[in-house]
Amino acid sequence: MTLLQRDREKYEEGKVEGKAEGLAEGKLEGIAEGLIGLVVDGLLDIDIAAKRLNKSPEELQDIINNTRK
């Protein structure tokens, strides 16, 4: 295997890993946005949403305040 072949393989591996990470992050962001929307609309208690997002209610309230301006 030449250095160029190895570099191409590493590049392709990086692309695949990056895409997987991006999809996972996007999914988590979508879930968070959905939960925040439910909290803002008064359909879900902030304590429940915070627990599902591994945040404290105070942290989640800060996020809501900073993103909903």
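Since the structure is predicted, the reported quantities are computational estimates derived from the model, not experimental observations.

1. Some points on the overall build of the protein
In step 1: Scanning the protein from terminus to terminus reveals 3 helices and 0 strands.
In step 2: The C-alpha atoms of the protein give a radius of gyration of 19 Å, which is well past the 11 Å a tight globule of 69 residues would have.
In step 3: In terms of principal-axis extent, the alpha carbons of the protein reach across some 60 × 20 × 20 Å.
In step 4: The buried share of the protein, reckoned over its 69 residues, is 16%.
In step 5: Long-range contacts, defined here as pairs at least 24 residues apart, represent 30% of the contacts in the protein between residues at least 6 apart.
In step 6: For the protein, the distance from the average site of its 11 positive side-chain charges to the average site of its 15 negative ones is 4 Å.

2. What to know about the pattern of salt bridges
In step 1: In the structure shown here, the tally under the stated rule is 3 salt bridges.
In step 2: Note that lysine 10 is salt-bridged to glutamate 13, the shortest N-O span being 3.9 Å. Of this pair, lysine 10 and glutamate 13 both sit in helix α1 (residues 3–40), separated by 3 residues, roughly a single helical turn.
In step 3: A relative accessible area of 38% means that glutamate 13 is categorised as partly exposed.

3. Details of α1
In step 1: Counted at 1.5 Å a residue, the expected span for α1 with its 38 residues is 56 Å, and the 54 Å between its end C-alpha atoms agrees.
In step 2: For α1, every residue scored as buried is listed here: Ala32, Leu35, Ile36, Gly37 and Val39.
In step 3: Once α1 ends, the next one or two residues include glycine 42, with phi positive near 80°.

4. Notes on the confidence of the model for the protein
In step 1: Per-chain confidence: the protein averages 94 in pLDDT, with 97% of residues scoring 70 or above.
In step 2: Mean pLDDT across the elements of the protein bottoms out in helix α3 (residues 57–67) (94) and peaks in helix α2 (residues 46–52) (97).

Criteria and thresholds
- Residues numbered from 1 in each chain as written.
- Predicted model: local features only at pLDDT ≥ 70, side-chain atom pairs only at ≥ 80, totals over all residues.
- Heavy atoms only, no water.
- Helix = DSSP H or I, 4+ residues; strand = E, 2+ residues; numbered from the N terminus.
- Rg over C-alpha atoms; globule rule 2.2 N^0.38 Å.
- Buried < 20%, exposed > 50% of the residue type's maximum accessible area, 1.4 Å probe, protein only.
- Contact = heavy atoms within 4.5 Å.
- Lys, Arg positive; Asp, Glu negative; His and termini not counted.
- Charge placed at Lys NZ, Arg CZ, Asp CG, Glu CD.
- Salt bridge = Lys/Arg side-chain N within 4 Å of Asp/Glu carboxyl O.
- Expected span 1.5 Å × (residues − 1).
- pLDDT = per-residue confidence, 0-100.

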